Amino acid sequence: MEKMQCKCGHINPPGTILCESCGRSLTEKERNNKLVDMRYEGTARRSQTYNKSIVDKIWNFFSSVKVGVGLIVIILVAAAIGTILPQEQYVSVPVRTAETIKAYYSEVYGSIGRVYHFLGFHDLYSSFWFIILVGMLAISLIIASLDRFVPLYRSLKNQRVLRHASFMDKQRIYGEGQGAEDTLDKAETKLKQLKYNVRRDKNGLLAEKGRFSRWGPYVNHIGLIIFLFGVMLRMMPGFYVDETLWIREGETRAIPEAPGYTLESKNFELETYNTEEDAVFKEAIDRVGTVAKNYQTDVVLYKKPEDSLPGVNDLEEVGEYPIRVNQPLKFDGYAVYQMDFKLNELKSMTFALSNIETEETFGELKIDLINPEDIYELENGSTVKLLGYYPDFSGFENGEPQTATPLPNNPGFLVEMKTPETPQGETSFITIQNTVEPFGENQYKLAFQSAETRDVSGLTVRKDRTLPILGLGGLIFMIGVAQGMYFNHRRFWIQQKADGEILLAGHTNKNWFGLKKDLDQVTEYASLPAYRDQQEEIEKQQKKEGEELS
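Computed from a prediction, not measured in an experiment: that's the story for all the values here.

**Quick look at the sheet that holds strand β10 (residues 316-324)**
Here is step 1 of the chain: If you walk across this open sheet you meet the 4 strands as β7-β8-β9-β10, and the pairing is antiparallel. Strands with a single pairing partner mark the edges of an open sheet, and in this sheet they are β7 (252-254) and β10. Across the sheet, the mean angle from the axis of one strand to that of its neighbour is 30°, orientation sign disregarded.
Here is step 2 of the chain: As paired strands, strand β8 (residues 261-272) and strand β9 (residues 292-303) are joined by 11 bridges and run antiparallel to one another. Paired with L270 across the bridge in β9 is Y295.

Rendered as structure tokens:
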């Protein structure tokens, strides 16, 4: 498209519909309009001017409001679908792996769960396609803002005081009539009293206020872009952590996503309300049995020195802390919350090797259910070899014992027992409930003696460096909302011809009632000619024509 030259001699950029200098209509369509199109002051937007290269097509696609709204709708629909089933981070599985998560959705929710997991809705906010959608929305906001901001800024910055008569009489607020010699001076005085910024040029006057309100939508976009940037940063390592840590009493474990930090659980404590001391909870206690008063984990926090060599266990104690509900342990930007617990998890089981007929024992063995040994030495040269350990025995499949989880909920042991009388060994499969002798009756057995339990704390490790960015984006967005909703850009053009005739025009982006109220005060003080609302006249004419046709 070529540049457009106005009758006044000014050369306008391609696609301009109102001359940047005098305001004349440059297109036939605009000349036939009863009211002038003041969107972006009649200047050309890039998306409506160029459409040849691939860059133009990409720019035009993302600058479309329909595309932006469509992306928002798609993201909202996806987010709504993501609430139908729980997100992966809220799923309670013993071991968090891709296979266990997939199996959980399949077993609990059936075919719907399988489809849900396959489409990535189980981890929606980390899925690549959701991140792509958010990124496309951010690109759309940036391009749409630039496509509109640049021409609007250029037009408002360079707007002229004197305008052509055709520009004036196509404004919604328009008036003409005779005025006094001091009409412009009085109008300037009154407009300044009403906090307008007034400029004079020869026999013309331009008064405006509230121009900053025109930037409200773009401030909104900036806030949204910053907010989306913060959301996308959550996908980057180190910016956002939300991990679950199950730790047993006496156990020391590395804190996930917190390099160099280790946590040791010293003790777990659970306090409950009782009906004697806490009568107010009697009804709840009678209904559910127990009501937790407090549960906390006493921990020791360790940190690995920065100059430590790999593989060297040289942890330095940072301190001892209690972690209670709503009272997390905080360190180096991390927060460790007490979220759950499990009482009386099996820690170890003690068995005695005994003769089935005589009940004579040959010593005891204690099996650590987390790190069992392979061979246990007993009295008189007797040994027990652990051929297989199944922490959560779930039955046999094709003759092979199976375990549902790696947690010691229902331990099963495949053992080989050797004594001086049975040097070839005898095999048994032992669970809490019974014993299976797969190769016939045995002479010896392992008899259960006792079990040791311990409590397990469910902790959540969180770190969020994006909160200041999200907060800043939200604040800027709300400033843009207030800027665009509660303020408006009002302008008056007043010109006096040589014969004393006054031309008056007014425009605002909204709140025409407020504009008319200001104009009424100026008209009364400066004796301006009566004005009319041409939009109302058009609507009345259209209504009258409609009634005549009906």
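From this point, the narrative continues.
**Some words on the side chain of Q338**
Here is step 1 of the chain: Note on placement: Q338 falls in strand β12 (residues 334-355).
Here is step 2 of the chain: Only 2.5 Å separates the side chain of Q338 from the side chain of T297, close enough to count as a polar contact.
Here is step 3 of the chain: Polar contacts involving the side chain of Q338 include one to the main-chain carbonyl oxygen of D340, which spans 2.8 Å.

**Some details on the packing of aromatic side chains**
Here is step 1 of the chain: With the rule as written, the count across this model stands at 29 aromatic pairs.
Here is step 2 of the chain: For the ring pair F61 and F62, a centre distance of 5.1 Å and an interplane angle of 85° mean the geometry is edge-to-face.
Here is step 3 of the chain: For F61, a relative accessible area of 42% translates into the label partly exposed.
Here is step 4 of the chain: Judged by centre distance (5.6 Å) and plane angle (45°), the rings of Y196 and F492 are tilted. Of this pair, Y196 sits in the loop between α7 (183-193) and β4 (197-201) while F492 sits in strand β22 (residues 490-496), and the two are 296 residues apart along the sequence.

**Digging into the packing of helix α3 (residues 65-81) against helix α5 (residues 128-157)**
Here is step 1 of the chain: For the pair α3 and α5, interaxial distance at closest approach is 9 Å and the crossing angle is 155°. Between α3 and α5, the interaxial angle falls into the category roughly antiparallel. Pair α3 / α5 crosses with left-handed handedness. Here α3 contributes V65, G68, L71, I72, I74, I75 and A78 to the contact with α5, which in turn contributes W129, F130, L133, V134, M136, L137, S140 and R148.
Here is step 2 of the chain: Grouping the amino acids of the contact of α3 with α5 by side-chain chemistry returns 12 nonpolar, 2 polar and 1 charged.

**Digging into the pairing of strand β3 (residues 173-178)**
Here is step 1 of the chain: The sheet contact formed by β3 and strand β23 (residues 501-508) spans 6 bridges and is antiparallel. When the bridges of β23 are listed, Y174 appears paired with A505.
Here is step 2 of the chain: Here 3 bridges tie β3 to strand β24 (residues 531-533), and the two strands are oriented antiparallel to one another. Note that in β24 the partner of I173 across the bridge is D533.

**Comments concerning a nonpolar patch on the surface**
Here is step 1 of the chain: Together, I142, L146, F149, V150 and Y153 give the surface a local cluster of nonpolar side chains, amounting to about 400 Å² of exposed area.
Here is step 2 of the chain: If you trace the backbone, F149 turns up in helix α5.
Here is step 3 of the chain: The exposure class assigned to F149 is partly exposed, which follows from its relative accessible area of 30%.

**Some points on the pairing of strand β5 (residues 204-209)**
Within a regular beta strand, the side chains point alternately toward one face of the sheet and then the other, so they alternate between its two faces.
Here is step 1 of the chain: For β5, the buried fraction is high: 5 of the 6 residues fall into the buried class.
Here is step 2 of the chain: When β4 meets β5, the two strands line up antiparallel, connected through 5 bridges. Across the sheet, the residue bridging to R199 is L206, located in β5.
Here is step 3 of the chain: Counted between consecutive antiparallel strands, the loop separating β4 from β5 contains 2 residues, among which K202 sits at a positive phi close to 55°.
Here is step 4 of the chain: Sheet analysis places β5 next to β22, joined by 6 bridges and oriented antiparallel. What sits directly across from L206, in β22, is W493.

The rules behind the values
Residues numbered from 1 in each chain as written. Predicted model: local features only at pLDDT ≥ 70, side-chain atom pairs only at ≥ 80, totals over all residues. Heavy atoms only, no water. Pairing = 2+ DSSP bridges. Helix = DSSP H or I, 4+ residues; strand = E, 2+ residues; numbered from the N terminus. Axes fitted to C-alpha atoms, helices over the stretch in contact; angles between N-to-C directions. Polar contact = N/O pair within 3.5 Å; in protein donor to acceptor, adjacent residues only side chain to side chain. Phe/Tyr/Trp six-rings, centres within 6.5 Å; stacked < 30°, edge-to-face > 60°. Buried < 20%, exposed > 50% of the residue type's maximum accessible area, 1.4 Å probe, protein only. Parallel < 35°, antiparallel > 145°, perpendicular 65-115°, else oblique. Left-handed = near helix turned anticlockwise from the far one by under 90°. Contact = heavy atoms within 4.5 Å. Nonpolar A, V, L, I, M, F, W, Y, C, P; charged D, E, K, R; others polar. Patch = residues over 30% accessible without salt bridge, like charges linked within 9 Å, V, L, I, M, F, W, Y side chains within 5 Å. Areas by Shrake-Rupley, 256 points an atom, 1.4 Å probe, with all protein chains shown as cover. Salt bridge = Lys/Arg side-chain N within 4 Å of Asp/Glu carboxyl O.

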